[in-house]
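Given next are the chains, with one letter for each unit.
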Amino acid sequence: METLFKPDPELVFLIFYKKYLYLEAICALSILRLYAHRARLDVLALLSLLLSFMGLIFLLAFRFWASTTGHWPNSQDHSVDGKMGLVCL
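The text that follows walks through the structure, step by step, so that each part is easy to find. Here the structure is a predicted model, which is why all the values come from computation and not from measurement.

Reading guide: rules and limits
Here the residue numbers are simple positions, counted from 1 along each chain's written sequence. Owing to the predicted nature of the model, reporting of local features is limited to residues with pLDDT of at least 70; listing and counting of side-chain atom pairs is limited to 80 or more, with chain, interface and lining totals taken over all residues. The side-chain quantities take in all heavy atoms of the structure and omit both hydrogens and water. Each helix is a run of H or I in the DSSP string that is no shorter than four residues. Each strand is a run of E no shorter than two, and both are numbered from the N terminus. Partly exposed describes any residue whose relative accessible area lies between the buried limit of under 20% and the exposed limit of over 50%, with all areas from a 1.4 Å probe on protein chains only and scaled to the type maximum. In short, Shrake-Rupley with a 1.4 Å probe defines the accessible areas, and a residue's cover is counted only from the protein chains shown. Salt bridges are counted wherever a side-chain nitrogen of Lys or Arg sits within 4 Å of a carboxyl oxygen of Asp or Glu. Every residue pair with non-hydrogen atoms within 4.5 Å of one another is taken to be in contact. Patches draw on residues past 30% relative accessible area with no salt bridge. Two like charges within 9 Å are joined, as are two nonpolar side chains (Val, Leu, Ile, Met, Phe, Trp, Tyr) within 5 Å.

**Details of the overall build of the chain**
Reasoning step 1: Each helix and strand counted, the chain has three helices and zero strands in total.
Reasoning step 2: Ordered by position in the sequence, the α and β elements of the chain form the string α-α-α.
Reasoning step 3: Going through the 89 residues of the chain one by one, you find that 17% of them count as buried.
Reasoning step 4: Approximately 7200 Å² of the chain is accessible, and the part contributed by carbon and sulfur atoms is 72%.

Below is the structure:
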């Protein structure tokens, strides 16, 4: 890392990958695993699909919720915790 304000491109890609591509990849792989084992239910693949799908909903619903309500919640807004937990379910 050269400076704090100019990070390495590898670090930027890692942050982008972990933020946006990782959950989609886990969803796709778990769907493929469930499709490959149609005769029996693969519990671990189903669990990983549910957890990654909940993470995707939380990641995308937060932006949608903030754009429809018109304000971004801050750390003092404690009503957000319960709403976002319900959105995930």
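Let us keep going from here.
**Here we look at the pattern of salt bridges**
Reasoning step 1: If you walk through the whole model with that rule in mind, you get one salt bridge.
Reasoning step 2: For the salt bridge of Asp42 with Arg33, the shortest nitrogen-to-oxygen distance reads 2.5 Å.
Reasoning step 3: On the accessibility criterion, Asp42 (7% relative accessible area) is buried.
Reasoning step 4: Taking relative accessible area as the criterion, Arg33 reaches 42% and is therefore assigned partly exposed.

**Brief notes about the side chain of Ser30**
Reasoning step 1: Within the fold, Ser30 resides in helix H1 (residues 9-36).
Reasoning step 2: Note on Ser30: relative accessible area 4%, which makes it buried.
Reasoning step 3: Setting aside residues up to four positions removed in sequence, Ser30 forms contacts with Ala45, Ser48 and Leu49.

**Examining a nonpolar patch on the surface**
Reasoning step 1: Where nonpolar side chains cluster on the molecular surface, the patch consists of Phe13, Phe16, Tyr17, Leu21 and Tyr22 and spans about 490 Å² of accessible area.
Reasoning step 2: Structurally, the position occupied by Phe13 is in helix H1.
Reasoning step 3: Exposure remark for Phe13: the relative accessible area of 51% places this residue in the exposed category.

Spatial relationships are all this shows, so hold off on functional conclusions.
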